[in-house]
Amino acid sequence: GYSPAHVTTPLNLMWRYSTDDSPGPEGGSPIVTGPAGLRRIMFAIGATVYCVDAHTGSLIWHADMKSDVRAPMLALSGGGRGSVRTSPGLVGPGWR
């Protein structure tokens, strides 16, 4: 999409998140949720779904799905809480 925001280049890497998981199928594109300052990034590697702080890259939670996540994930929210749904089932302790 288009944004009128001015982006200064070159861009600098602010953080990187690494896992000990064996390479496996990616679970689709990452999901970015939440307002500025509370943004979360959720992504799947193999059978594990991760949620990290978008500002710091710190792990917030992870969930083992027991089988590879092959379909895109869906973020659901309501009543001040949220969760992530994948094709195998519901994951994550939720977020506020």
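Quick note: structure is the one above.
Below is a short write-up of the structure.

Considering the overall build of the chain
(1) Moving on: Scanning the chain for helices and strands turns up zero helices and seven strands.
(2) Moving on: Written out in order from the N terminus, the α and β elements of the chain read β-β-β-β-β-β-β.
(3) Moving on: Put simply, the chain has 96 residues, and 31% of those count as buried.
(4) Moving on: Total accessible area on the chain is roughly 6,600 Å²; 54% of this is exposed by carbon and sulfur atoms.

As for unusual backbone geometry
(1) Moving on: Residue Pro 10 is reached from Thr 9 by a cis peptide bond, and omega for that bond is 5 degrees.
(2) Moving on: For Pro 10, the location among the structural elements is in the segment before strand S1 (31–33).

A few points about the pairing of strand S2 (residues 40–45)
(1) Moving on: Burial within S2 is extensive, with five of its six residues counted as buried.
(2) Moving on: The pairing of S1 with S2 spans three bridges and is classified as antiparallel. Within S2, the residue paired with Thr 33 across the bridge is Arg 40.
(3) Moving on: Where S2 and strand S3 (residues 48–53) come together, six bridges link them in antiparallel fashion. Its bridge partner lying in S3, Ile 41 is registered against Val 52.

Cut-offs used in this document
- Residues numbered from 1 in each chain as written.
- Predicted model: local features only at pLDDT ≥ 70, side-chain atom pairs only at ≥ 80, totals over all residues.
- Heavy atoms only, no water.
- Helix = DSSP H or I, 4+ residues; strand = E, 2+ residues; numbered from the N terminus.
- Buried < 20%, exposed > 50% of the residue type's maximum accessible area, 1.4 Å probe, protein only.
- Areas by Shrake-Rupley, 256 points an atom, 1.4 Å probe, with all protein chains shown as cover.
- Pairing = 2+ DSSP bridges.

Nothing here speaks to function; it is all geometry.
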